[in-house]
Amino acid sequence: MNESTASSGAAVALVLAAALALCAVPASAQTSTDKYAGRSLAEALRLLQSHGLRIVFTSTVVTPELRVDVEPRAPTARRRLDELLAPHGLEARDGPGEVIQVVRATSAARERPRQSPAVASGTIEGLVVHADTRLPLAGVVVQVDGVTVDSLTDRAGRFLVRRVPPGTRMVRAAATGFAVVVRVLEVKGGTTVTVEMSLSPAATTHTEYVEVSEPRLPRHDPGVSSETSLDRREWERLHGGLADQPMRVVHALPRVSAVDDFQVDFAVRGSPFRHVEVVVDGVSTDWLRHTVYGRGATGSIGMLTGQVLEDATLRAGAYPHRYGDRLGAQLDLTLREGSRDRFRLRGAVGGINATLVGEGPLGRSARGSWLVAGRQSLLEWPDERAQSTRTPFGFSDWLAKAVYDVHPGQQAVLSVLGGTSNIDAEDHPSPTELGDGTNRASVVNFAWRSTFESAVVLKQRIYLVRHSYVNKTQSGQQWHRGGNDEIVYRADVARPIPHGLLEAGAQAGWAASRLDAGPGDPPASSRIPAASSNVGFDGSSWTRSSYAHFAWAATPAITLSPGVRVTKSSLVRNPTVTRWILGQWALAPGWALDASAGLTYQMPNLRYLNRGAPSLEPRPERARHLDIAIERRLAESVRWQATVFTRNESDVLRDPEVHPRLVDAVEVPTLDESCCANALQGSSRGIELMVERRSSTGLSGWAAYSFGKTRYTDASRAETFWADFDQRHALNLFGVYRFSDRTSVGATWRAGTNFPIPGYLEARNGGLFVGHRRNQVRLPAYSRLDVRADRTLESFGGRVTLSVEVLNVMNRVNVGIANGSVRPSTGEAVGFTDTLLPRSLSAGALVRF
Amino acid sequence: LASLVALALALRPDVRPVAPGGQPVAVVERIDGTPRRSAHLKALPEGEGRLSVRDAIHAGEWIATDARTRVAVRFSDGTSVRLDVGSRARPLAPGVIELTAGAVYVDSPGESARFEVRTPVATARDVGTQFEVRLLDGGLRLRVRTGTVELGNGPRSVSARDGTEVTLTTAGAVSRPFAAHGPEWDWTAGISPPFDIEGLSLSVFLDRIAREHGWALQYADSALAREASSTLLHGSVHDLAPREALDVVITTSGLSHRLDDGVLLVLRGAEAR
């Protein structure tokens, strides 16, 4: 370093020192000379800000009228700030990034009057509607902060939340497929606040395509008073471990009569199962069940595992007939889609079967999903423990379903569903008895959904149903061979319009049915009913139909939904016009009145036509429905409903009489050839009461009681009798209590008076004999209590749910209808009843990864 | 002090940017890391072309961020554009930016003209919206927070509304709902332009912070909303993250807030639970 460099460095140092001194002197001088007294507090704070304090304050806390009266004495700016704030009940609080926040002092806050802890709570009641259509939305989850139990909107879109702590509350309404809506309400103790919330479909038209793997709201039709829906979670709690029997869930629903433990069939309001429409993923079919066809009273089980069901809705009375024409109720099942999130695997082992379900995303960016499920019986059904006379069978079924978003607004769905049931009864000594048999059914269902302009949805579907069965005798001869085929194309379109939703659709289908009675027909003494075995037929038919349904929110409280369906079938001469009108009136907060009326038709199926006398021209069966229901929501998730219904039926097909009857003390033994005439006029009337609590926590379930009378008159034979499925009193109770998200216990109790034993029987001398009047003898009252406990554990990276179930806990001896016979010599009827399921213990495990 | 400043300026190293190729169209508002710029796509030698806050960005000038860097720039029409880590983009003209790597987030005022993000895969155009465009391996992902964005790819175009994510690949476009709030958007808030609150009303501040996070803003009652519009803020939260700034402002206003599923609920202080 030379001298000049050293002198330059010294000069720079001097300049720096001088600059530092110049900077320092004014700061201390300002601090010491600033006067705060007499200024407004805000000005004083700004002065301190200029001294480098990062003070943040607002005009609501540091109000303009606050002034500094006493000059602060503290030596530092930070402590002077404290002195300035203290007289005004304010304080400085350190914040992030050296920010100093001016807030009200904690001590001052303590001095504010406290709210009494005993203050009364308030109530929030409200209505949730579709923002576009103004139609009420049912099943919307409503949450209120400060209230631990969520509420669901009822069928009228209404909700009620009690015991809301007073104060500002945030009400949140959420439903899959809709944008979340939040409202802020001021709730005062002892008062009720009313709110209406409109839910808009989620942001894009594509929403429904990508959220289908999520639990969805079951379809709800305003005004269908007799409608019950179950989502996947409820379904899983109910479907049972013994046989993974999905229909067992339906058996426990309100207004359902099911008094045969071994059968999937059920009756609704006295209507036989053949009047009930079963719809699976938009496919209306009768053949998805494992059973033994041509065997009369036998066992059956649904051709679906409960692990693949998304939701189910049972509708009775008058309802929109979108899928087909039926006289009675409709069971609408939706199969779930695979996960778009990741690969998942679940396996379940229950009392008599094992199920494996795999699912996962499909394609890049999870544009679709796949799901494959298989179920295999481990034991036969009915279980041999039951010691039933029903023919046992083994079964397996499977489902493959793929969903793919081909393009935004365009989605393709392909599903293949099927199953096989096998009979192996080779141990019977008689060569003419049933030896073995096979029953197969499959459904191939391809659907394409298009969305236009964010609102119009067009769904096109083509499906093929194939069903076949063959039964052989012990000697190996063919006894029965039959089947049914169906192919249908259908298109449905839905379009929101102001204050309503317009739906329309059309379909065309071809169906064929055949039965080949082989040379191995059993003799007349066989317990196999002759009427169902020895008449062969082969036929086909075309059906075309279209429908329109308009749901209209006439006012915020009243919804009217008229509709019509026109069907032309090659089986009958004239087209049928099914029509319905549904009304719903939200009378008052928590109250709703539903009324529905309709005229429905059902075409005679091919089997009935082929049995009929050639001279008879078949007509469609028809029924007039009227339902009136009143519903009251009692609490957040509790409601009761009372329904009165009446149904008048005409031209109902009469089943062939299998057994003889007495006419003027003479036994008339043969099959009645007039079986297929539209001979019956009937009526069904009753009342239904239901109390329901749906909640994701604590107790959930329902108690339903039904009283009904269903009676038929055959004018051609001048006789009137109770319907085969007439049940006067029915009690369906279901409850599950969730102790935690891992532990729950549940119970189902179904009880009631029982159905008549079909036929001309009378009870004498402790036995059954051929009689004069039909359906005079009833089965004894039915009662069955099932209990179940579930416990979920987490291990090996998955979840294991262990379940223990006891069926028929009371070990009551219930009796069902069997294939009886009449002894010609004495007229005694034997074997007409069969004992049902005894107490049975079942354990199962469900493993999910 | 003046002499010190003069000295510092005299001793300041030359950090002049690479010569811009066109008119200034944007200015750097905030940086996190060391973003760089260059007149040419591949001419970004190490240590050169560092961007600083308030630097002007010229049309045709490339901006690049590395794995730890983000940058926010504001266009002359008021549109805020933020580059995520690992991004490369350049403004082509006022209201047009080209993205060749990474992701940009666009927050344009409602009154602005259509803002375009051009990519090798497709072009996204909006009117008054907030959206993110991210280039993927062989595709592009668009997330729309508010408004509507049109994604054009040759003769085909896909329109995406708020709350939508569209993934565009050679196989086509897939759309699904996407929340306007959530951790996926955090990076955009992290590089948001600083809030200048001095003299600002509380309601304007809350509107801005809610927009920044994709929240819906709700007040406990209409009276509180009126009070918020008349409450004035004083001080500075300049270097605070948006959520920190929110906490400070809410606290100093004697209020409280709650976040629930994308809803920012502003309550009176006594109602905080």
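Everything numeric here is computed off the predicted structure, so don't read it as measured data. (Residues numbered from 1 in each chain as written. Chains lettered and ligands numbered in written order. Predicted model: local features only at pLDDT ≥ 70, side-chain atom pairs only at ≥ 80, totals over all residues. Heavy atoms only, no water.)

Caption draft 1: Region of interest: the overall build of chain B. What chain B contains, in helices and strands, is five helices and 19 strands. Residues counted as buried form 50% of the 273 residues belonging to chain B. Nonlocal contacts in chain B, meaning residues at least 24 apart in sequence, comprise 51% of its contacts between residues at least 6 apart. For chain B, the exposed area adds up to about 11700 Å²; of that, 51% sits on carbon and sulfur atoms. (Helix = DSSP H or I, 4+ residues; strand = E, 2+ residues; numbered from the N terminus. Buried < 20%, exposed > 50% of the residue type's maximum accessible area, 1.4 Å probe, protein only. Contact = heavy atoms within 4.5 Å. Areas by Shrake-Rupley, 256 points an atom, 1.4 Å probe, with all protein chains shown as cover.)

Caption draft 2: View of the packing of aromatic side chains. Under the defined criterion, the tally for this structure stands at eleven aromatic pairs over all chains. Between the aromatic rings of Tyr-105 of chain B and Trp-185 of chain B, the centroid separation amounts to 5.9 Å while the plane-to-plane angle is 65 degrees, which identifies the pairing as edge-to-face. Residue Tyr-105 of chain B is located in strand E9 (residues 103-107), and its partner Trp-185 of chain B is located in the loop between strand E15 (172-177) and helix H2 (186-190); the two are separated by 80 residues in the primary sequence. With respect to burial, Tyr-105 of chain B and Trp-185 of chain B carry one shared label: buried. Chaining the aromatic ring pairs together yields one cluster made of Tyr-105, Phe-178 and Trp-185 of chain B. We note Arg-269 of chain A situated over the ring of Phe-645 of chain A; from NZ or CZ to the ring centre the distance is 4.2 Å. Positioned above the aromatic ring of Trp-722 of chain A, the side-chain terminus of Arg-728 of chain A is 3.9 Å from the ring centre. (Phe/Tyr/Trp six-rings, centres within 6.5 Å; stacked < 30°, edge-to-face > 60°. Lys NZ or Arg CZ within 6 Å of the ring centre and 35° of its normal.)

Caption draft 3: Layout of the pattern of salt bridges. Using the criterion set out here, one finds 51 salt bridges over all chains in the structure. In this structure, the salt-bridge partner of Asp-286 of chain A is Arg-326 of chain A, at a minimum N-O distance of 2.9 Å. Of this pair, Asp-286 of chain A sits in the loop between strand E15 (283-284) and strand E16 (289-291) while Arg-326 of chain A sits in the loop between strand E18 (309-315) and strand E19 (330-335), and the two are 40 residues apart along the sequence. The exposure class assigned to Asp-286 of chain A is partly exposed, which follows from its relative accessible area of 32%. Residue Arg-90 of chain B is joined to Glu-98 of chain B by a salt bridge in which the shortest nitrogen-to-oxygen separation is 2.8 Å. The network of salt bridges with common partners includes Arg-70, Asp-84, Glu-132, Arg-134 and Arg-141 of chain B. (Salt bridge = Lys/Arg side-chain N within 4 Å of Asp/Glu carboxyl O.)

Caption draft 4: The packing of helix H2 (residues 41-50) of chain A against helix H3 (residues 77-85) of chain A, seen in detail. All names here are of chain A. Viewed as axis vectors pointing N to C, H2 and H3 meet at an angle of 170 degrees, and their least axial separation amounts to 11 Å. Taken together, the axes of H2 and H3 are roughly antiparallel relative to one another. Between H2 and H3, the contacting residues are Leu-41, Ala-44, Leu-45 and Leu-48 on the first element and Ala-77, Leu-81, Leu-84 and Leu-85 on the second. (Axes fitted to C-alpha atoms, helices over the stretch in contact; angles between N-to-C directions. Parallel < 35°, antiparallel > 145°, perpendicular 65-115°, else oblique.)

Caption draft 5: Examining empty space enclosed by the protein more closely. Residue and element names in this part refer to chain A. For the coordinates displayed, the defined rule picks out 14 cavities of 30 Å³ or more. Computed from the structure, the largest cavity encloses a volume of approximately 170 Å³. Met-247, Val-278, Leu-288, Arg-289 and Gly-302 are the residues nearest the centre of the largest cavity, which is lined by 16 residues in total. Listed by contribution, the elements that provide at least two residues to the lining of the largest cavity are helix H7 (246-251) and strand E14 (277-280). (1 Å grid on protein atoms, 1.4 Å probe; cavity = no way out; pocket = protein on both sides within 12 Å on 5 of 7 lines; lining within 4 Å. Points joined across faces, edges and corners; volume = space filled by probe spheres on them.)

Caption draft 6: Region of interest: the sheet that holds strand E8 (residues 167-174) of chain A. All names here are of chain A. Strand order in the open sheet formed by four strands is E6-E5-E8-E9, and the pairing between neighbours is antiparallel. Two strands lie at the open edges of the sheet, namely strand E6 (151-152) and strand E9 (181-187), each paired on one side alone. In this sheet, E8 lies alongside strand E5 (residues 141-144) in antiparallel orientation, the contact comprising four bridges. Across the sheet, residue Val-142 finds its bridge partner in E8, namely Ala-173. (Pairing = 2+ DSSP bridges.)

Caption draft 7: Structural view of H3 of chain A. All of the buried residues in H3 of chain A are Ala-77, Arg-80, Leu-81, Leu-84 and Leu-85 of chain A. Summarising the axial view, the buried residues of H3 of chain A lie within an arc of 135 degrees, below the 170-degree limit, and thus occupy one face. (Arc of directions from axis to C-beta.)

Caption draft 8: Quick peek at the confidence of the model for chain B. All names here are of chain B. Here chain B averages 79 in pLDDT, while 82% of its residues score no lower than 70. Taking the mean pLDDT of every element in chain B, the minimum, 42, falls on helix H1 (residues 2-11) and the maximum, 93, on strand E6 (residues 80-83). Across residues 1-20, where pLDDT falls below 50, the model places 17 contacts with residues more than four positions away in sequence or in other chains. (pLDDT = per-residue confidence, 0-100.)

Caption draft 9: Here's a closer look at the pairing of strand E19 (residues 263-268) of chain B. All names here are of chain B. When you tally the buried positions in E19, you get five out of six residues, the bulk of the element. Bridge analysis of strand E16 (residues 216-219) against E19 gives four bridges, and the strand direction is parallel. Paired with Leu-217 across the two strands is Leu-264, which belongs to E19. Bridge count between strand E18 (residues 255-260) and E19: six bridges; the pairing is antiparallel. Note that in E19 the partner of Leu-259 across the bridge is Leu-264. Hairpin connection between E18 and E19: a loop of two residues separates the two successive antiparallel strands, and Asp-261 in this loop has a positive phi of roughly 50 degrees.

Caption draft 10: How the structure looks around unusual backbone geometry. Residue and element names in this part refer to chain A. Residues other than glycine seldom take positive phi values, yet Asp-651 does so here, at roughly 55 degrees. When you line up the elements, Asp-651 lands in strand E34 (residues 638-652). A positive phi angle is found at Asn-808, which is not glycine, with a value near 50 degrees. Take Asn-808: it is sitting in the loop between strand E45 (798-807) and strand E46 (815-817).

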